[in-house]
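Given next are the chains, with one letter for each unit.
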Amino acid sequence: MRILFLIRSLVAAFACLWFASAARAEDGHDLWLRYRPVEQSRRLLYVPHATAIVVGRSSPTIRAAANELDRGLSQMLGRRITMAGLRDGAVVLSTGRHVPGIGNDGYAIRSTRLRGHSVTMILANGDIGVLYGAFAFLRLIQTRQDIAHLDIADAPKLRLRMLNHWDNLDSTVERGYAGPSIWDWSSLPKISPLYVDYARANASIGINGVVLNNVNADPKVLTGEYLRKVAALANLFRPYGIRIYLTARFSSPIEVGGLGTADPMDPQVMGWWRGKADEIYRLIPDFGGFLVKANSEGQPGPWDYKRTQADGANVIADALAPHGGTVFWRAFVYGSSKEDRAKQAYDEFRPLDGKFRGNVIVQVKNGPIDFQPREPFHPLFGQMSRTRVGIEVQLTREYLGQGDGLVFLAPMWTEALNSETCSPRCGTPVKSTIASMAGVSNIGSNREWTATNFDQANWYAFGRLAWNPSLTARQIAGEWTRMTWSNDPGAVKPIVAMMLGSREAVVDTMTPLGLAHQFQNDHHYGPAPWSCSLSEPSWNPC
């Protein structure tokens, strides 16, 4: 089987090289939005009579949808498809239609007749649904689906779909393997065209929230200087349905506010968080909220004041609540105790079920250790019935080869999402217990965005699974391959086979026989079974 897998991998690699060289000049920057021309001999099957883009009313989001359709259809058809009047073959964007069952973010795409003309209608209750529908329509054409008789509707299963950047204000990226940070803080609030492409890519897969800075936060990000820079990004991202979030350091009232304490029960601390929230929302009316890492790996937190994790989260949640903001409170907590690390988060958070405010989401890693190539799903899933819980996965391959090789992570994530808990009853999958999905970004300032072109597939897969956690890894791999490389079955089949086998291959190579955490303690590349530098024996590879 290994020999067969190697042969398939080599065939796929050669196929990738051939198709890349055969296409127009390609540097990877266009991601899965390459919009290569539809084959002449089959054009009528995929795009019967695309003639115009019709917009009922205009808004920044509707204009973004129309511009994307103009770009995609024109490139794929080889002729300009622009906004014009109603005619046969038009693609009509219509919002505010009160379409049942799709909420504000969903869409419907229908082949129908409108005032005597045969058209394709993209319908939604809100403007952002029209944008998502436009990308979905283009995806159908990119993957060579028949669009002549459409009657589909889709909506996200999770309301919050977040990309978390571990980017520092000095442009370094923690666990980043794709160059420096894409955020050029020295140039902001000047907007780079790169940020527009970034927003388009996220919107195309339904990501609607971005945390700009590292979980090991620099408190300076909450100063007026940086908040004005953040506001510029928020203004750019708004038409694409993306809300900005920031990681807040728990001790910010001391380091930014000049207080003598960050005790969440101190009235001055409560007032400082309220004042900071008011300041942010004056600059960014749709600010999403804060992500907080507390009492983990040396970060400050409520334990420093003999308070609970709920106490720490709630003081910030109360400050955000009048503005509609959310606190994502990471459950990744472990200290110097000799307790089993795999159960520390459960022991800390399970007794606090029901004590967090309604606008708090406890953000839980997919497994109980630390993004290992394989580990069981986290024991907190399905165990906090009175608390909103979100799942956190890692796109950047900290423990899975980093910037080397190919590892497609959708099989890893679906393994956790489909695992069965016993809450509210046995057989309930993890995906039915979560309120949000967050992914640690693998994006840098590399022209191709990620460490390799194949790492783009993990960005794509995360967005698709955050939209619908029931999608299969095979379906996602097929979509991405067709949109990125080729629709030729001779290329699609071996590339998808290579992608689907890659995670299991890295498990067998890097954590054989279930021997987890065999990596060097500082760089996490390993393996390093000789490493014994940590004081707690159970954390050491040896």
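Everything numeric in this text was worked out from a predicted model, so none of it was measured.

The next point concerns empty space enclosed by the protein. Scanning all chains against the criterion turns up six cavities of 30 Å³ or more. In this structure, the largest cavity is lined by 14 residues; those nearest its centre are Ala331, Phe332, Ala345, Pro368 and His378. Secondary structure elements with two or more residues in the lining of the largest cavity: helix 10 (341–349) and strand 11 (360–365). The class makeup of the residues in the lining of the largest cavity is nine nonpolar, three polar and two charged.

Let us look at the pairing of strand 8 (residues 243–247). Every other side chain in a regular strand lies on the same face of the sheet, so the side chains alternate between the two faces. Within strand 8, four of the five residues are buried, which leaves the element mostly enclosed by the surrounding structure. Summarising the sheet, strand 7 (residues 209–211) and strand 8 pair through three bridges and their orientation is parallel. When the bridges of strand 8 are listed, Gly209 appears paired with Arg243. Each parallel crossover has a hand, and the one from strand 7 via helix 6 (residues 224–237) to strand 8 is right-handed. Of the pairings in the sheet, the one linking strand 8 to strand 9 (residues 289–292) comprises three bridges and is parallel in character. Across the sheet, the residue bridging to Thr247 is Leu291, located in strand 9.

Okay, the sheet that holds strand 15 (residues 436–440) next. Reading around the circumference, 6-7-8-9-10-11-12-15 is the order of the eight strands in this closed barrel, with parallel pairing throughout. The mean inter-strand angle of the sheet, taken between neighbouring strand axes irrespective of direction, is 25°.

This part is about unusual backbone geometry. Leave glycine aside and you will find that most residues have negative phi; peptide bonds, for their part, are mostly trans. Going from Leu188 to Pro189, the amide bond is cis rather than trans, its omega being 15°. Examined against the element boundaries, Pro189 turns out to sit in the loop between strand 6 (160–164) and helix 5 (193–204). A positive phi angle, close to 55°, is found at Asn295, a residue other than glycine. Note that Asn295 resides in the loop between strand 9 and helix 9 (309–320). For Asn295, a relative accessible area of 7% corresponds to the buried category. One non-glycine residue, Trp449, lies in the positive phi region at around 75°. By the element assignment, Trp449 lies in the loop between strand 15 and helix 12 (456–467).

With that out of the way, let us pick up the confidence of the model for the chain. Per-residue confidence for the chain gives a mean pLDDT of 92, with 93% of residues at or over 70. Across residues 1–8 the pLDDT falls below 50, and counting only partners more than four positions away or on other chains, this stretch makes ten contacts in the model. Segment residues 41–46: pLDDT under 50, and eleven contacts once partners within four positions in sequence are set aside and those in other chains are kept.

Attention now moves to the state of the cysteines. In the structure shown here, the tally under the stated rule is two disulfides. The side chain of Cys422 participates in a disulfide bridge whose partner is Cys426; the two sulfur atoms lie 1.9 Å from each other. In this structure the cystine formed by Cys422 and Cys426 twists about its S-S bond by roughly 105°; its chirality is therefore right-handed. Residue classification places Cys422 among the partly exposed positions, given a relative accessible area of 47%. Its relative accessible area of 61% is what places Cys426 among the exposed residues. One disulfide bridge connects Cys532 with Cys542, the sulfur atoms lying 1.7 Å from each other.

Okay, the side chain of Asp455 next. Tracing the chain through its elements places Asp455 in the loop between strand 15 and helix 12. On the basis of relative accessible area, Asp455 is assigned to the buried category, the value being 5%. Engagement of the side chain of Asp455 in a polar contact is seen with the side chain of Thr452, the distance being 2.9 Å. Sequence-distant contacts of Asp455, that is, excluding residues within four places in its chain, are made with Arg397, Asn442 and Thr450.

Rules used throughout
- Residues numbered from 1 in each chain as written.
- Predicted model: local features only at pLDDT ≥ 70, side-chain atom pairs only at ≥ 80, totals over all residues.
- Heavy atoms only, no water.
- 1 Å grid on protein atoms, 1.4 Å probe; cavity = no way out; pocket = protein on both sides within 12 Å on 5 of 7 lines; lining within 4 Å.
- Points joined across faces, edges and corners; volume = space filled by probe spheres on them.
- Helix = DSSP H or I, 4+ residues; strand = E, 2+ residues; numbered from the N terminus.
- Nonpolar A, V, L, I, M, F, W, Y, C, P; charged D, E, K, R; others polar.
- Buried < 20%, exposed > 50% of the residue type's maximum accessible area, 1.4 Å probe, protein only.
- Pairing = 2+ DSSP bridges.
- Right-handed = clockwise from strand over helix to strand, strands pointing away.
- Axes fitted to C-alpha atoms, helices over the stretch in contact; angles between N-to-C directions.
- pLDDT = per-residue confidence, 0-100.
- Contact = heavy atoms within 4.5 Å.
- Disulfide = S-S within 2.5 Å.
- Polar contact = N/O pair within 3.5 Å; in protein donor to acceptor, adjacent residues only side chain to side chain.

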